[in-house]
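The residues making up each chain are set out below.
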Amino acid sequence: MDTGTHLVIGLGLAGLSQIDPSVSADTAATTAVFIGTVIGSQIPDVDGLLRFKGNATYIRNHRGRSHSLPALLLWTLLITGALALFFHGIPLLHLGMWVGIAVCFHVFTDCFNTYGTQAFRPFSEKWVSWNIIHIFDPFIFSSHIAAIFMWSFHVASPKLVFPTLYGVIALYYIWRSLDHYIVEKGLYRKDPTHMPGDKYTLIVTFNLYVWNVVKRRADGTFQLGELKNSKLRWIDTVKCEDHPAIEVSKSHEDIQALLYFSSFTCAEVKEHRFGYEVRWADVRYRHRKQYPFVGVIRMDHNFQTLDSYVGWVSDTRLEKKLKVDLY
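Residue positions are given per chain, counting from 1 as you read along its sequence in written order. Residue-level local features of this predicted model are given only where pLDDT is at least 70; pairs of side-chain atoms are given and counted only at 80 or more, and the full residue set underlies all totals for whole chains, interfaces and linings. Hydrogens are left out, water is left out, and the side-chain values use all remaining heavy atoms of the structure.

### Regarding the sheet that holds strand β8 (residues 305-312)
Two strands qualify as a pair provided that DSSP identifies no fewer than 2 bridges between them. Segments assigned H or I by DSSP are reported as helices when at least four residues long, segments assigned E as strands when at least two residues long, and all are numbered from the N terminus. Pairing in this open sheet of 4 strands is antiparallel, and the strands run β5-β6-β7-β8 from one edge to the other. The open sheet has two edge strands, β5 (265-272) and β8, and neither has a second partner. Going from strand to strand, the sheet's axes swing by 10 degrees on average, the running direction of each strand aside. Alignment of β5 against strand β6 (residues 275-282), held across 8 bridges, turns out to be antiparallel. When the bridges of β6 are listed, E271 appears paired with Y276. It only takes one pair of heavy atoms within 4.5 Å for two residues to be counted as in contact. Here an axis means a line fitted to C-alpha atoms, over the contact stretch when the element is a helix, while the angle between two N-to-C directions is reported on a 0 to 180 degree scale. Set on the sheet, helix α11 (residues 253-261) makes contact with β5, β6, β7 (293-300) and β8; between it and β7 the angle comes to about 150 degrees.

### A few points about the UniProt feature "transmembrane region" (unreviewed entry) in the protein
UniProt positions are given in the numbering used here, feature names are shortened, and annotations may be inferred rather than shown by experiment. UniProt records the feature "transmembrane region" (unreviewed entry) at residues 69-89, 95-115, 127-151 and 157-175, using the numbering of this structure. What you have in residues 69-89 is 76% helix and 0% strand, and the ends, taken at the C-alpha atoms, are 29 Å apart.

### Observations regarding helix α1 (residues 3-16)
Counted at 1.5 Å a residue, the expected span for α1 with its 14 residues is 20 Å, and the 20 Å between its end C-alpha atoms agrees. Buried residues dominate α1, accounting for 11 of its 14 residues. Listing the buried residues of α1 in full gives T5, H6, V8, I9, G10, L11, G12, L13, A14, G15 and L16. Each helix should span, by expectation, one fewer than its residue count multiplied by 1.5 Å. Residue exposure (1.4 Å probe, protein chains only): buried if accessible area is under 20% of the type maximum, exposed if over 50%, otherwise partly exposed.

### Details of the packing of aromatic side chains
Classification of ring pairs rests on two measures: the distance between centres of Phe, Tyr or Trp rings, Trp counted by its six-membered ring, which must be within 6.5 Å, and the angle between planes, read as stacked under 30 degrees, edge-to-face over 60 and tilted in between. This model, assessed by the stated rule, comprises 22 aromatic pairs. On the numbers, 5.3 Å between centres and 50 degrees between planes, the contact of F136 with F141 is tilted. Residue classification places F141 among the partly exposed positions, given a relative accessible area of 24%. Seen from their ring centres, Y172 and W175 are 5.9 Å apart, and the 55 degrees between their planes marks the pair as tilted. You can see Y172 and its partner W175 sitting in helix α8 (residues 158-185), 3 residues apart, about one turn around the helix. The partly exposed category is assigned to W175, whose relative accessible area is 37%. Ring pairs connect the aromatic residues F105, F108, F112, W130, F139, Y166, Y172, Y173 and W175, which therefore count as one cluster. The ring of Y58 carries the charged tip of R51 above its face, separated from the ring centre by 4.0 Å. Our definition puts a charge over a ring when NZ of Lys or CZ of Arg is within 6 Å of the ring centre and also within 35 degrees of the ring normal. Note that R60 overlies the ring of Y260, its terminal NZ or CZ placed 4.6 Å from the centroid.

Next comes the structure, spelled out in structure tokens:
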């Protein structure tokens, strides 16, 4: 989820903690849990600081180790231990429980969007991205805002408001998950061009009733489409090219970072006066007829790297990122 949603979830979990008598009966415990759930709901994304080490490092590691199983315990212990230094005599087990819930809920919700996490580390480095809930979900965000408002202005007791909120959200997640499963399994029936070996991936959008569709053909070609009002419409086809420059590019750290993160990449090569430009794109992220999540490397005729870039960028801004002119 986005940072704002993680924040309101942290506040919401602080409200939910009022159902715990050990927390609600003690002002200091309530304050400590409030701070702990807010920090816990944000702390896994501290790996965002990796941006300062370069985009390749950030892309390879963001939502990786910081969202892993050992990290869940580590973050919980660190936050609980730090708060224990300032709040004496509070029930640490209860504080740790609510901090742990906040940390785990952060990772849990991140698994539902398209970017995903490596939540099963160290047992698996596979990216877990279920494509079910948009990175910013208006219902989840607005329902938390409404609940926090009622708590803040004493419209209703948090012991009533927040259990109701999370009960509704649990049903929302179940509904979205079932809907995604049923729709994805039936995509081949809506596709008149379906061929044996075609694999479909259904990707959530901001609109609850509009889905993006990625079809991977047996020959490695991708078809990109939109499912709207139960009608599937194909809007683009991406054919992955084969060229020596593409093979060489796979050894560059920027391209390796993109390939490590995504299994939905496709490459194309263009020849220029200086040599070759190889562009890898993650086809899941199509926006305004472009694929903005890319890894680009420019090399001379001997396949020696001249410049490279990996990350989110439009075609017009890409030229500002690369120092090698096309002309």
